Amino acid sequence: MEASAGLVAGSHNRNELVVIRRESGAGGGGAAAGRSEAPCQICGDDVGVGFDGEPFVACNECAFPVCRACYEYERREGSQACPQCRTRYKRLKGCPRVAGDEEEDGVDDLEGEFGLQDGAGREDDPQYVAESMLRAQMSYGRGGDAHAFNAVPNVPLLTNGQMVDDIPPEQHALVPSYMGGGGGGGGKRIHPLPFADPSLPVQPRSMDPSKDLAAYGYGSVAWKERMEGWKQKQERLQQLRSEGGGDWDGDDADLPLMDEARQPLSRKIPIPSSRINPYRMIIIIRLVVLGFFFHYRVMHPVNDAFALWLISVICEIWFAMSWILDQFPKWLPIERETYLDRLSLRFDKEGRPSQLAPVDFFVSTVDPSKEPPLVTANTVLSILAVDYPVDKVSCYVSDDGAAMLTFEALSETSEFAKKWVPFCKKFNIEPRAPEWYFQQKIDYLKDKVAASFVRERRAMKREYEEFKVRINALVAKAQKVPEEGWTMQDGSPWPGNNVRDHPGMIQVFLGQSGGRDTEGNELPRLVYVSREKRPGYDHHKKAGAMNALVRVSAVLSNAPYLLNLDCDHYVNNSKAIKEAMCFMMDPLVGKKVCYVQFPQRFDGIDRHDRYANRNVVFFDINMKGLDGIQGPIYVGTGCVFRRQALYGYDAPKTKKPPSRTCNCWPKWCLCCCCSRNKKKTTKSKPENKKKRLFFKKAENPSPAYALGEIEEGVPGAENEKAGIVNQQKLEKKFGQSSVFVASTLLENGGTLKSASPASLLKEAIHVISCGYEDKTDWGKEIGWIYGSITEDILTGFKMHCHGWRSIYCIPKRPAFKGSAPLNLSDRLHQVLRWALGSVEIFFSKHCPLWYGYGGGLKFLERFSYINSIVYPWTSIPLLAYCTLPAICLLTGKFITPELTNVASIWFMALFICIFVTGILEMRWSGVAIDDWWRNEQFWVIGGVSSHLFAVFQGLLKVLAGIDTSFTVTSKAGDDEEFSELYTFKWTTLLIPPTTLLLLNFIGVVAGVSNAINNGYESWGPLFGKLFFAFWVIVHLYPFLKGLVGRQNRTPTIVIVWSILLASIFSLLWVRIDPFLAKNDGPLLEECGLDCN
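Residues numbered from 1 in each chain as written. Predicted model: local features only at pLDDT ≥ 70, side-chain atom pairs only at ≥ 80, totals over all residues. Heavy atoms only, no water.

**Q** Please explain the overall build of the chain as it appears in this structure.
**A** The helix and strand tally for the chain stands at 31 helices and 15 strands. Out of the 1092 residues in the chain, the part that is buried amounts to 51%. Intrachain contacts of the chain at a sequence separation of at least 6 include 76% that bridge at least 24 residues. For the chain, the accessible surface area stands at approximately 54,500 Å², while carbon and sulfur atoms represent 57% of it. (Helix = DSSP H or I, 4+ residues; strand = E, 2+ residues; numbered from the N terminus. Buried < 20%, exposed > 50% of the residue type's maximum accessible area, 1.4 Å probe, protein only. Contact = heavy atoms within 4.5 Å. Areas by Shrake-Rupley, 256 points an atom, 1.4 Å probe, with all protein chains shown as cover.)

**Q** Can you walk me through the packing of helix α6 (residues 273-299) against helix α7 (residues 306-327) in this structure?
**A** Working note: a packed helix pair is described by the angle between its axes plus the distance between those axes. It is at 12 Å that the axes of α6 and α7 come closest, and there the two elements cross at 160°. The angle between α6 and α7 falls in the class roughly antiparallel. Every pair of crossing elements has a handedness; the one defined by α6 and α7 is left-handed. Across the interface between the two elements, Tyr279, Ile283, Arg286, Leu287, Leu290, Phe293, Phe294, Arg297 and Val298 from α6 touch Trp309, Ser312, Val313, Glu316, Ile317, Ala320, Trp323, Ile324 and Gln327 from α7. Residues belonging to the contact of α6 with α7 are distributed by class as follows: 13 nonpolar, two polar and three charged. (Axes fitted to C-alpha atoms, helices over the stretch in contact; angles between N-to-C directions. Parallel < 35°, antiparallel > 145°, perpendicular 65-115°, else oblique. Left-handed = near helix turned anticlockwise from the far one by under 90°. Nonpolar A, V, L, I, M, F, W, Y, C, P; charged D, E, K, R; others polar.)

**Q** Looking at this model, I keep getting lost on the environment of Leu1043. Mind explaining?
**A** Assignment of secondary structure puts Leu1043 in helix α30 (residues 1037-1044). Of the residues examined, Leu1043 reaches a relative accessible area of 23% and is grouped as partly exposed. In the structure, Leu1043 is positioned 49 residues away from Thr994 in sequence and 8.9 Å away in space, judged by C-alpha atoms.

**Q** What exactly am I supposed to notice about helix α14 (residues 576-584) here?
**A** In an α-helix, one turn spans 3.6 residues, which is why side chains three or four residues apart end up on the same side. With nine of its nine residues buried, α14 lies for the most part within the structure. By the burial criterion, the buried members of α14 are Ala576, Ile577, Lys578, Glu579, Ala580, Met581, Cys582, Phe583 and Met584.

**Q** Explanation requested: the packing of helix α9 (residues 373-384) against helix α10 (residues 404-427) in the structure shown.
**A** Closest axis-to-axis distance for the α9/α10 pair is 9 Å, and the angle between their directions is 40°. With respect to their mutual orientation, α9 and α10 come out oblique. Crossing hand, α9 versus α10: right-handed. Two secondary-structure elements touch here, α9 through Pro373, Ala377, Val380, Leu381 and Leu384 and α10 through Leu405, Ala409, Leu410, Thr413, Phe416, Ala417, Trp420, Val421 and Lys425. Classifying every residue of the contact of α9 with α10 by side-chain character gives twelve nonpolar, one polar and one charged.

**Q** Please explain a nonpolar patch on the surface as it appears in this structure.
**A** Nonpolar side chains collect at one region of the surface, where Phe911, Ile914, Phe915, Ile919 and Phe1027 lie side by side and expose about 510 Å² of accessible area between them. Among the elements that line the nonpolar patch, the one with the most residues is helix α25 (residues 901-925), at four residues. Mapped onto the elements, Ile914 comes out in helix α25. (Patch = residues over 30% accessible without salt bridge, like charges linked within 9 Å, V, L, I, M, F, W, Y side chains within 5 Å. Salt bridge = Lys/Arg side-chain N within 4 Å of Asp/Glu carboxyl O.)

**Q** Help me understand the pattern of salt bridges, please; the structure alone is not making it clear to me.
**A** Between side chains of opposite charge, a pair can form when the charged atoms approach closely. Inspection of every chain in the model, using the stated rule, returns 31 salt bridges. Ionic pairing is found between Arg534 and Asp501, a salt bridge with its closest N-O pair at 2.5 Å. In this pair, Arg534 sits in the loop between β8 (525-530) and α13 (541-556) while Asp501 sits in the loop between α12 (453-477) and β7 (504-510), placing the two residues 33 residues apart along the sequence. Judged by its relative accessible area of 8%, Arg534 falls in the buried class.

Quick look at the structure:
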């Protein structure tokens, strides 16, 4: 993709396309590369070289010039003979085996022989299906064939047939380059026919007795000898491994290598039984204790405070159900370990072309005022410098605000990347985000042996500081918008001046044909994307932007795997992508993995983590538990996706091994068992049919665009399924882009080689147009799912319903790091947005309570999804329960009657189980007690504030149609460390917890004063009420600390205890009343006489 093509802006609906050149001298398409002296006589491309570096020779008889691609295609799909001399093609090194190669001798390469590199050419291969579909849009045939197609394919061009930017219609993305020469039948075909044409029979050829029979493919036994030798090596290796590897003579040095290359790329590490079994036992005990506890609570009501008792029992039952939903998905926690050395040995051998799968990175940003361009630039730089083959990395930045500031900052970033990327790879530094690398307070000379490192590091730091100054200048310039709008360097107006009404924009900053680093090495592709926006269209916020990136990347690079990051989440571990590939490319488990989720880690959080920003309990306990069931939920960032899973395809089915029957039973017994099984199956069929019909709307187990839906009526294909997919159904699902539809069928990725870069950019403008998704399945079954501002939960939920599983990967060095809101108000607004998204899902058709039954979602995994959409509703009973202590203290009543000895046992047992569960949970997960306690505190703080408002806002949206605005969480800037932590921003979210604190403080003072007035006997019942009130105050303590402010003020705990103790001592002083004169008269005793 050309990096110097300039900014491409246009609208498919308005038939507009403009190319704004970055440089005045930039040309249009660029000259074609010079061809070799012997081009391929089938497709016209260069013949290329073989594995030995010599020119590729397909036929050893006549040396007819044929490239490797056409040679492999002819062997796989054609007549398997040379077009000139009709000699049968022999299998060359690195090529997969085909039918008829059994008796051939040749090279000894097992990878190519078994098709490990390219795969066998079967009719159900997605590559074959995609090519067959494209043949319906293209013309194929020999130059002199009478039946060759003459019509130009009827493809809807972006410009309705008009020539734009000097690109004729015959050079469109779906038209092969050979058609440019005019005449329909005069061009050369790209591939041979996909089947044996009966009208063109292969002429028999007499054999020359002087030649070896192996030249004709007959009579060779070398293949059998090679296989026997390979089996002997494997048997010997197995014997050595079983003996412990003691007598290794070292004569077969390739055996350990072969064995290591076939080892799994990852493994599960179960939690030790000494840690997990006590945890499970205490869960069962807690369930039993809960049963006895509720039996006592329900059977012993408080008559004089019946309303308080009823409210408390309802709240406790809700808490118990919420605990069950949260607890049981943690029943099977596991950990995982990856083997990067095995991955390199299998797919990234030194000295050979890398076979690692390409990856497309997605970075999303909206408002540069809340998401600083410097933060986005650091994220992009860390992506461009990852430890991964550069030709397999593409970075797409989505600017959903169409801000010229983001565009210019990205342009500066691409220039600085030419210096930063080679520096990172030369000295292998971590992390590769310059802002965080230069801020590290560690010994940066550790493990560095190059003498030039210090000098180059100082120079690079200076370069980065100059880069920061340029970015800051752009930010300062953007503060005042000109009246006529922004203009670009060439004087043309910025297409995104109107944020709500602008065309789609694409700019390739770095690519394969431009943008090399200072050392002349190639850089990864960097693409700026801003989708088209017009009034009257629902753009679906972040989910719509991500779907636009999915389509753009499919047209331009079409990597089989995607990784999405928020603009403030940089790559902290340059090998993180390889960690994910250990799962995705694993031949044993990779095929059923839809995504690999990494935990979120954060920088810039204070040591105490006052507001539980790290969320350690969720990422280190809950997610590990889900990984043992069907995989973690998708959390919105730091996730590597399989592109095919995003397209709504079902997970591949696992073939069950054939059942075995025992011959020792009598025949009549087996007959009875079989007859019973048949009766059971016949009875269950109608029931299953009813269930499928009932849940037909909820789940579609076999989508209409599955790869099996292909037509069979192709002439000449007698016993084979032709690879022509129903084009209309696919376009109805994926949209009216034939290029994108063709890319969806390529499981291993790849783009059209015959398309010019300019035509692909036009097709990319088409797929990001605002009306492209109309009447398609985008946002319903495909891509990021619409219907909630927390699109991440819905997207992962749909994939799990299709039978996919996900993986939770926790590298030793955190893969990604981001920034978190520091002050209390921003944190509460962030939690409000998450909770509101869960409420929206609760009222949608995708609610896990009733959606997806009969699909591939496991029972405990459904528990987790139900908990993720039900937890905001816990705010209502939580608010009531936190108000009860104050009411009890003010009224003098309590929610429980006077406890008996048996009741006391159940109450104490419940509290002990709660504490022991937490302790054992921290023990097997490794979570510190501080993190666990902060999580408990913020569960109460967020529950009585953000979750409560989310419930009411969700109800207003569903019942009254009143929508709430989406606010972007502010990202970290360059201010003083932790300066935002003490910033006080008043918001309505602070009212409920503040009210609860005041009520409980007043209740404590009133309860103590009442006990003082009533004497010694009233202190006993007071302790239970005070414990209840202090439980609320302690959980709200971080909130109270956030209200008070900075650390250099009086400590909050001093103020709290001062007020409390002052109130108590004042009441005691009034009760004792030391200034009252004492009575020195005689003591009067009751005589017992009735004076009246």
